[in-house]
Amino acid sequence: MTYVNYAVADGVARIVFQNPPVNSLGYGLRLALMQALDQAEADPAVQAVVIGGSERAFSGGADITEFGTPKSGRHPTLRDIVDALDAYGKPVVAAIDGVCLGGGLELAMGAHYRVAAARATLGLPEVKLGLLPGGGGTQRLPRLMGLERGLDMVVNGRQAKAAALADTALLDRVVETPVLDAAVEFARECVASGGAIKRARDIKIAEPDAEAFLQVARRNVAAANKHFPAPAACLEAVAGCLLPFDEGLRKERQLFVQLMNSPESAALRHVFAAERAAAKVPGVTAETARRDIRRVGVVGAGTMGGGISMNFLNAGIPVVLLEAEAAALERGVGIIRRNYENTMKKGRLTQAQVDERMGLLSTTLKYEDLADADLVIEAVFEDMDVKAKVFRALDAALKPGAILATNTSTLDVNAIAGFVQRPQDVVGLHFFSPANVMKLLEIVRADRTSDEVLATALSLAKAIGKQPVVSGVCDGFIGNRMLNGYRAAAEELLLYGASPAQIDRALENFGFAMGPYRMGDLAGLDIGWAIRKRRQAENPGQDFSSVADRICEAGRFGQKTGAGWYRYEAGNRTPLEDPAVTRILADFRQEKGISPRPFTPEEIVARCVYALVNEGARILEEGIALRASDIDVVYLNGYGFPAHRGGPMHYAQQVGLYNVVRAMHRYARLSDKAAAFWQPAPLLAKHAESGVPLA
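Each chain carries its own residue numbering, running from 1 in the direction its sequence is written. Note on the predicted model: pLDDT of at least 70 is required for a residue's local features to be given, and 80 or more for side-chain atom pairs to be given and counted; whole-chain, interface and lining totals, by contrast, use all residues. The basis for every side-chain value is the complete set of non-hydrogen atoms in the structure, without hydrogens or water.

Asker: Hey, could you run me through the side chain of His644 in this one?
Answerer: Looking at where His644 falls in the secondary structure, it is placed in the loop between helix H24 (628-638) and helix H25 (648-655). Each residue is assigned to one of three classes by its accessible area relative to the maximum for its type, calculated with a 1.4 Å probe on protein chains only: buried under 20%, partly exposed between the two thresholds, exposed over 50%. Residue His644 is classed as buried on the basis of its relative accessible area, which comes to 7%. Setting aside anything within four residues of it in sequence, one finds His644 in contact with His227, Phe228, Pro263, Glu264, Ala267, Phe510 and Gly511. Secondary structure elements are defined from DSSP: runs of H or I of at least 4 residues count as helices, runs of E of at least 2 residues count as strands, and each element is numbered from the N terminus. Only heavy atoms enter the contact rule, under which two residues are in contact if any of them lie within 4.5 Å.

Asker: How should the nonpolar core be read in this particular structure?
Answerer: Where a protein is soluble and globular, its nonpolar side chains tend to be buried together. If you look at the biggest cluster of nonpolar residues, it comprises 78 residues, and the most contacted ones within it are Ile478, Ile503, Trp565, Val609, Tyr610, Phe641 and Leu684. The element best represented in this core is helix H23 (residues 601-621), accounting for 12 residues. Nonpolar core, defined: a set of buried Ala, Val, Leu, Ile, Met, Phe, Trp, Tyr and Cys residues in which side-chain atoms within 4.5 Å join the residues together. Membership of the second largest hydrophobic core comes to 67 residues, among which are Ala32, Leu144, Val221 and Leu259.

Asker: Help me understand helix H27 (residues 682-690), please; the structure alone is not making it clear to me.
Answerer: In an α-helix there are 3.6 residues to a turn, and that puts residues three or four apart on one side. Taken residue by residue, H27 has Leu683, Leu684, His687 and Ala688 as its buried positions. Buried residues of H27, viewed axially, fall in a sector of 135 degrees; they line one side. Relative to its buried face, H27 has exposed residues pointing more than 90 degrees away, namely Pro682, Lys686 and Glu689. For H27, the secondary structure elements touched by its buried residues are H23 and helix H26 (657-670). Of the residues one or two after H27, Gly691 is the one with positive phi, at around 80 degrees. In this description, one arc is meant: the one made by directions from the helix axis to the C-beta atoms.

Asker: Whenever I open this one, the sheet that holds strand E17 (residues 440-444) confuses me. Can you help?
Answerer: By definition, the strands of a sheet pair up through backbone hydrogen bonds, in either a parallel or an antiparallel sense. The sheet built from eight strands is open, its strands ordered E13-E12-E11-E14-E15-E16-E17-E18 with mixed pairing. Two strands close off the open sheet at either side, each with one partner strand: strand E13 (361-364) and strand E18 (467-471). Each strand axis lies, on average, 25 degrees off the axis of its neighbour in the sheet, ignoring direction. Note on pairing: two strands pair once DSSP finds at least 2 bridges between them. Summarising the sheet, strand E12 (residues 319-322) and E13 pair through four bridges and their orientation is parallel. Residue pairing for E13: Leu322 is matched across the bridge by Thr364. Simply put, an axis is a line fit to the C-alpha atoms, just over the touching stretch for a helix, and the angle between two N-to-C directions goes from 0 to 180 degrees.

Asker: So what exactly am I meant to see when it comes to the side chain of Thr364 here?
Answerer: Secondary-structure assignment places Thr364 in strand E13. Assessed through its relative accessible area of 5%, Thr364 is described here as buried. Contacts described as polar in this section are N or O atom pairs within 3.5 Å, which, within protein, must combine one atom able to donate a hydrogen with one able to accept it, while residues neighboring in sequence count only if both atoms come from side chains. Polar contacts involving the side chain of Thr364 include one to the main-chain amide nitrogen of Lys366, which spans 3.0 Å. Excluding its chain neighbours within four sequence positions, the residues that come into contact with Thr364 are Val320, Leu321, Leu322, Glu323, Leu329 and Asp369.

Asker: What exactly am I supposed to notice about the packing of aromatic side chains here?
Answerer: Two numbers describe a pair of aromatic rings. These are the distance of the centres and the angle of the planes. Ring pairs are drawn from Phe, Tyr and Trp, using the six-membered ring of Trp, whenever the two centres fall within 6.5 Å, and their geometry is named by plane angle: stacked under 30 degrees, edge-to-face over 60, tilted for the rest. Tallying each qualifying case throughout the model produces 13 aromatic pairs. Measuring from centroid to centroid gives 5.4 Å for Phe432 and Tyr639, while their planes differ by 80 degrees, and the two rings are edge-to-face. Here the residue Phe432 occupies a position in the loop between strand E16 (426-431) and E17, and Tyr639 occupies one in the loop between H24 and H25, the gap between them amounting to 207 residues. For the pair shown, Phe432 and Tyr639 are each scored as buried. We call a charge positioned above a ring when the Lys NZ or Arg CZ atom is no farther than 6 Å from the ring centre and deviates by at most 35 degrees from the ring normal. Above the face of the Trp529 ring, Lys533 is positioned so that its terminal group lies 3.6 Å from the ring centre. The ring of Phe510 has Arg645 lying over it, and the distance from NZ or CZ to the ring centre is 4.1 Å.

Asker: I would appreciate a short explanation of the pairing of E12 in the present structure.
Answerer: In summary, the side chains of a regular strand alternate between the two faces of the sheet. With burial as the criterion, each face of E12 is covered, one bearing Val319 and Leu321 and the other bearing Val320 and Leu322. One ladder, built from four bridges, connects strand E11 (residues 296-299) with E12; its direction is parallel. When the sheet's bridge partners are listed, Val296 is paired in E12 with Val319. For the handedness criterion, the strands are oriented away from the viewer, and a crossover whose path from the first strand over the helix to the second runs clockwise is classed as right-handed. Read from E11 through helix H11 (residues 303-314) to E12, the crossover connection turns out right-handed.

Asker: Honestly, the environment of Ala45 in this entry has me stumped. Any pointers?
Answerer: Relative to the helices and strands, Ala45 resides in the loop between helix H1 (27-42) and strand E3 (48-52). By relative accessible area, which is 46% here, Ala45 ends up partly exposed. In the structure, Ala45 is positioned 36 residues away from Ala9 in sequence and 9.2 Å away in space, judged by C-alpha atoms.

Asker: What is the right way to read the sheet that holds strand E4 (residues 57-59) from this model?
Answerer: Strand order in this open sheet of four strands is E4-E6-E8-E9, and the pairing throughout is mixed. Since the sheet does not close on itself, it has two edges, and those belong to E4 and strand E9 (159-161), each with one partner. With strand direction ignored, the average angle separating the axes of adjacent strands in the sheet is 20 degrees. Both strand E6 (residues 99-101) and strand E8 (residues 121-123) contribute to a ladder of three bridges, which runs parallel. Following the sheet pairing, Leu101 is matched in E8 by Gly123. Contacts from helix H3 (residues 103-110) reach E4, E6 and E8, with the element oriented near 85 degrees to E6.

Here you go:
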């Protein structure tokens with residue numbers, strides 16, 4: 001493969017990257033670039049050098065697939081190339097277009113001059129992978145932009161358009177014309193004026209009160225990043241710019257190595273790769289046909305239907321919202337409008353944008369008005385008889401080729417597809433509440449869902465800003481099925497002596513956004529109660545009863561009734577421990593003949609997380625999830641699992657599957673009522689024994 005295109009014309013050597021899609025700085029490109037630089041330096045006909053990429057990308061930075069492999073440290077490294085540019089005897093101009101991120105920007109800062117297209121995007125986002133810029137970026141950027149702006153870009157991973165950076169020394173010229181031609185012209189002007197070489201390393205930081213500014217920044221960064229070491233390390237690396245340049249570089253390198261070996265960075269790098277892998281599905285390729293989605297119908301104007309509608313309105317796609325009754329329709333539209341107006345009050349939307357989005361929304365009480373929709377999403381009550389009625393009506397009303405989607409969170413999508421004459425056009429699109437906010441979209445592939453429909457769903461997820469994960473059909477799909485095990489583990493803890501607050505506190509300290517009992521109160525306990533009743537009716541030989549039933553029987557459905565696992569004061573969502581719940585628990589334990597015992601926070605976390613892992617292994621074994629990392633993506637984006645842990649399956653492999661299985665055997669011995677629950681899934685036991693990671 002040819003990684004660079006090298007050409008010389010009128011004394012200027014052009015080195016243009018040829019490593020699509022984003023010219024990542026893998027070993028092949030690094031080697032080819034260094035060879036081209038050496039060739040240009042040795043050629044007496046070359047007076048200046050221009051380094052460029054494509055319109056899409058100067059360079060997106062390091063090739064993260066090389067992290068942890070011999071190639072990542074193989075010479076020439078990025079540091080080698082930047083050091084070579086510091087010692088280079090001829091002017092080097094970086095021609096920046098598209099994205100110029102991470103190592104790409106560090107390379108550009110190693111050049112002597114930078115010419116950028118106004119539309120180009122620049123930044124150092126390494127902190128989002130739990131790392132810091134390791135190619136001198138923490139030392140050069142504050143010298144070129146000033147300490148405060150440079151620190152902000154490094155610590156927060158912030159990106160900016162070149163047009164917004166034209167007032168800094170980072171860019172020597174910002175242009176609208178083709179950037180490579182503009183950079184060549186700049187290089188010739190530089191040669192004509194004497195060929196001066198300008199190095200970022202030679203700039204002196206001379207900002208008053210720099211140390212005082214850094215002290216304030218340290219406090220703010222520490223407070224905002226409880227579980228993430230990278231932002232604080234980024235700050236300390238940038239603080240090194242107050243030292244002599246080479247000392248600052250050594251400090252940057254030391255901190256980079258520490259972060260690269262941290263579990264938090266390993267987790268975030270895993271998440272980065274997992275989210276990209278989730279969109280790769282057997283049967284779907286770039287050549288698979290996609291259907292055009294120009295108009296969307298949504299059936300049901302409740303909380304979910306309204307939130308789902310907003311996703312498409314935000315993306316500029318017209319929506320027809322259908323309800324059975326005019327009052328419900330009016331209520332739903334009013335909620336959508338209020339959501340937009342609240343966002344406008346926060347300064348994130350203008351009145352014109354609110355009007356534009358609301359202008360894309362139309363309403364109806366008749367299925368016939370959905371006749372020209374390309375996709376219709378059902379978001380009605382979670383009852384199979386109700387779903388059947390809706391899908392039969394849609395089948396009669398919709399045009400050929402329209403996609404029929406269900407937002408069900410637990411019901412059998414194969415059964416739903418059986419209600420229509422076109423099962424190949426049926427797919428599950430499980431949005432998470434609030435649907436206009438939550439990033440996850442579970443795409444449920446039924447037995448007869450066509451590859452074309454699946455490909456369209458995956459593309460549509462990207463268009464509306466969602467993270468898709470494809471699931472097979474089972475009760476609860478990936479996320480809610482695993483949630484059953486998580487809740488069962490939490491309930492066992494509850495029965496044997498832990499309080500809701502103790503369980504929530506342990507899991508929140510571990511990093512969960514919210515513990516299961518606070519989450520239950522937020523979502524509404526009546527939903528789970530209805531699901532347990534359905535499962536009991538469908539499986540009369542099994543016992544689906546729960547202490548949660550007693551809470552619901554007392555009329556405590558969560559925040560919406562002012563009481564659930566906690567009590568809530570009017571107008572306040574702060575959960576308060578309630579003696580009434582303590583009494584309900586004590587009575588239930590007595591009925592079941594259980595003597596309570598204390599639990600440590602560590603055991604609470606292990607039991608709940610390992611229950612997730614065990615069910616995840618069963619889901620993998622059954623082929624419901626395509627890969628272990630897909631399960632992590634679901635739990636990170638839909639269930640508040642802490643990002644710095646990398647998801648339940650990644651976390652289990654960091655702990656060691658052997659240790660997970662050993663702990664589960666211990667829990668089985670301690671549990672006289674749930675020993676079967678703690679039996680490791682066959683796939684989990686197999687990988688624990690072999691030591692081979694779950695894939």
